[in-house]
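Each chain is listed here by its residues.
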Amino acid sequence: MLTLALSKGRIFEETLPMLAKAGITVSEDPETSRKLILGTSNPNLKIIIVRASDVPTYVQFGAADFGVAGQDVLIENGLDGLYMPIDLGIAKCRLSVAVKEGFDYNSAVKQGARLKVATKYVNCAREHFAIKGVHVDLIKLYGSMELAPLIGLADAIVDLVSTGNTLKANHLVEVEPMMTISAHLIVNQASHKRNRKELQPFLDAFELAAQKK
Ligand code: PRT
Ligand code: MG
């Protein structure tokens, strides 16, 4: 029996059609069911529903054999004990720097400058600004980053942008795209060795579904 870790919301919704292409349906909808362990039409596969940022942890510790996680989560978390074979091309977005409308970002990031940056992605942000030679005071937040520049907590945010509607609604502008993000399939390294035969058909199905996207 193999265990696949998914998070509710866009990851689950966009992984579902990929499973369907492999003929696998899921017994219940996590949006309406409170169950955290879901059966599938394949007796060898069950799905666990965890927080998006917890997916790599479950897979790293082998509590799940494989999972689907955004690159943002993977970069922040690190890839210890994980094998990352397939870019699924789903849940696409970009990680960007955004500031309040009218804020002069270009002057603010001149070499040697100091910038207050609020983000959930402190590792990505630290590295990004270090390469630019900009000193940053990083403020770790767990959500609603868009609020920080509006009420003077930070000069800038580093956050995921997809349509740009959230930034617009809060009078923020994207000033620097940092990287494009998509969800990847991750596999526990030990499980990959031990359960290769069982895992391979699922990896092939994901690979095929990802190519067709
Ligand atoms: O919501 P929760 O705190 O439980 O966890 P989470 O936010 O990590 O999970 P979830 O399900 O929201 O996101 C899972 C993954 O989807 C992320 O790790 C990303 O890899 C990917 N993804 C793709 C996104 C977006 N697009 C996205 N737009 N994750 C978040 N957003 C948020 C963004 O943070 C911002 O607040 O949506 C808002 C911006 O969207 P637009 O369309 O207004 O630009
Ligand atoms: Mg979210």
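Because the structure is a prediction, the values reported are computed rather than measured. (Residues numbered from 1 in each chain as written. Chains lettered and ligands numbered in written order. Predicted model: local features only at pLDDT ≥ 70, side-chain atom pairs only at ≥ 80, totals over all residues. Heavy atoms only, no water.)

Q: Mind showing me how you'd approach the site of ligand 1 here?
A: Close to ligand 1 lie 22 residues, the nearest being Arg51, Asp72, Thr163, Gly164 and Thr166. At 3.1 Å from an oxygen atom of ligand 1 is found a side-chain nitrogen or oxygen belonging to glutamate 146. Interatomic distance of 2.8 Å between a backbone N/O atom of serine 162 and an oxygen atom of ligand 1. Bound to the protein, ligand 1 loses 77% of the 810 Å² it would expose on its own. Judged by the fraction of its atoms near the pocket grid, ligand 1 is located in the largest pocket. Sorting the residues of the shell around ligand 1 by element identifies α1 (10-21), α3 (71-77), β5 (82-100), β8 (156-161) and α7 (165-169) as the ones contributing at least two each. Residue composition of the shell around ligand 1, grouped by class: eight nonpolar, six polar and eight charged. Both domain 1 (2-91 + 182-211) and domain 2 (93-180) contribute no fewer than three residues apiece to the shell around ligand 1. (Near = heavy atom within 4 Å. Polar contact = N/O pair within 3.5 Å; in protein donor to acceptor, adjacent residues only side chain to side chain. Areas by Shrake-Rupley, 256 points an atom, 1.4 Å probe, with all protein chains shown as cover. 1 Å grid on protein atoms, 1.4 Å probe; cavity = no way out; pocket = protein on both sides within 12 Å on 5 of 7 lines; lining within 4 Å. Sits in = over half its atoms within 2 Å of the grid points. Helix = DSSP H or I, 4+ residues; strand = E, 2+ residues; numbered from the N terminus. Nonpolar A, V, L, I, M, F, W, Y, C, P; charged D, E, K, R; others polar. Domains from an automatic or database assignment.)

Q: Help me understand the nonpolar core, please; the structure alone is not making it clear to me.
A: Side chains of a nonpolar character, in soluble globular proteins, are inclined to be buried together. Residues Leu4, Phe66, Leu88, Leu185 and Phe206 are the most contacted members of the largest nonpolar core, which totals 28 residues. Within the residue set of this core, elements represented by two or more residues are β1 (2-6), α1, β3 (45-49), β4 (66-70), β5, β9 (172-188) and α9 (196-211). Ranked by residues supplied to this core, first place goes to α9 with six residues. Tyr105, Ala108, Ala125 and Met178 belong to the second largest nonpolar core, which has 19 residues in total. (Core = buried A, V, L, I, M, F, W, Y, C linked by side-chain atoms within 4.5 Å. Buried < 20%, exposed > 50% of the residue type's maximum accessible area, 1.4 Å probe, protein only.)

Q: Would you take a moment to explain the layout of surface pockets for this structure?
A: In this model, the largest pocket occupies a volume close to 1100 Å³. Arg10, Asp72, Lys120, Tyr121 and Leu160 are, among the 43 residues lining the largest pocket, the residues nearest its centre. Those elements giving two or more residues to the lining of the largest pocket turn out to be α1, β4, α3, β5, β8, α7 and β9. The class makeup of the residues in the lining of the largest pocket is 19 nonpolar, 13 polar and 11 charged. The residues that make up the lining of the largest pocket include at least three from each of domain 1 (2-91 + 182-211) and domain 2 (93-180). (Points joined across faces, edges and corners; volume = space filled by probe spheres on them.)

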